[in-house]
Amino acid sequence: MTPKTNPRLSPRPPRLLTPRRGHRPRTQRAFGQVPLVAAALRDDPEAAALLEPGSGTAQLSLFWEVEDGVWGRARYDWLRHDGRGVDYKSTRSAHPNDLPK
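So, here is what we can say about the structure in this document.

A few words on a nonpolar patch on the surface. Judged by side-chain polarity, W64, V66 and V70 come together as a nonpolar surface patch covering roughly 270 Å² of accessible area. With respect to the helices and strands, W64 occurs in strand β1 (residues 56-67).

Right, let's talk about the pairing of strand β2 (residues 70-80) for a bit. The pairing of β1 with β2 spans 10 bridges and is antiparallel. Note that in β2 the partner of L62 across the bridge is A74. The turn linking β1 back onto β2 is made up of 2 residues, and G69 within it adopts a positive phi angle of 80°. In sequence, β2 turns back onto strand β3 (residues 85-86) through a hairpin of 4 residues, with G83 there showing a positive phi of about 95°.

Below, the discussion takes up the environment of A38. Within the element layout of this structure, A38 appears in helix α1 (residues 28-43). A relative accessible area of 28% places A38 in the partly exposed class. Between the C-alpha atom of A38 and that of A48, which follows or precedes it by 10 residues, the distance is 9.7 Å.

Under the definition given, this model contains 3 salt bridges. Here R84 ties to D82 by a salt bridge, and the two come within 3.0 Å at their closest N and O atoms. Classification of D82 by relative accessible area gives partly exposed; the value is 44%. For D87, the salt bridge identified is with K89, shortest N-O distance 3.6 Å. Judged by relative accessible area, K89 falls into the exposed class, the value being 62%. By sharing partners, the salt bridges in this structure join R80, D82 and R84 into a single network.

Look at Q59: it is not a glycine, yet its phi comes out positive at around 50°. Relative to the helices and strands, Q59 is located in strand β1.

This part is about the sheet that holds β2. Across the sheet, which stays open at both edges, the 3 strands sit in the order β1-β2-β3 with antiparallel pairing between neighbours. Edge strands, defined here as strands with exactly one partner in the open sheet, are β1 and β3.

Glancing now at the side chain of R80. Turning to its location among the elements, R80 is positioned in strand β2. The class for R80 is buried, based on a relative accessible area of 14%. Within polar-contact distance, the side chain of R80 engages the side chain of D82 at 3.1 Å. Setting aside chain neighbours within four positions, we find R80 in contact with A49, L50, S55, G56 and V86.

The next point concerns α1. With 16 residues, α1 ought to run about 22 Å at 1.5 Å a step, and its terminal C-alpha atoms sit 24 Å apart, in line with that. Taken as a whole, α1 carries its principal kink of about 30° at V34; the proline P35 stands between one and four residues after it.

About the thresholds
- Residues numbered from 1 in each chain as written.
- Predicted model: local features only at pLDDT ≥ 70, side-chain atom pairs only at ≥ 80, totals over all residues.
- Heavy atoms only, no water.
- Patch = residues over 30% accessible without salt bridge, like charges linked within 9 Å, V, L, I, M, F, W, Y side chains within 5 Å.
- Areas by Shrake-Rupley, 256 points an atom, 1.4 Å probe, with all protein chains shown as cover.
- Salt bridge = Lys/Arg side-chain N within 4 Å of Asp/Glu carboxyl O.
- Helix = DSSP H or I, 4+ residues; strand = E, 2+ residues; numbered from the N terminus.
- Pairing = 2+ DSSP bridges.
- Buried < 20%, exposed > 50% of the residue type's maximum accessible area, 1.4 Å probe, protein only.
- Polar contact = N/O pair within 3.5 Å; in protein donor to acceptor, adjacent residues only side chain to side chain.
- Contact = heavy atoms within 4.5 Å.
- Expected span 1.5 Å × (residues − 1).
- Bend = angle between axes of the 7 residues up to and from the residue.

So far we have only geometry, and geometry alone does not tell us how the molecule works.
Below, the structure written as structure tokens:
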């Protein structure tokens with residue numbers, strides 16, 4: 001059995017790592033999109049302001065008890081120090097007419 005590696009530290013692309021149950025490995029193509037997505041976020045003034053380095057914590061999981069024995073959970077892409085959560089999603093269009101009914 002090979003030890004699991006951290007994809008952030010591994011020189012190998014994530015697609016070569018064994019995915020966790022229920023997760024699909026990233027393809028080389030998707031892995032190659034990362035620099036393009038990062039550049040697009042930096043080029044967008046609103047996104048750049050929300051994701052300003054040092055303004056929050058990346059990939060932070062939150063857990064809370066909704067009521068006795070019932071727990072809620074969330075995982076933000078970026079939780080800002082001012083309490084605002086940021087989640088990045090990609091789509092061709094977010095126009096209401098293009099969304100499924």
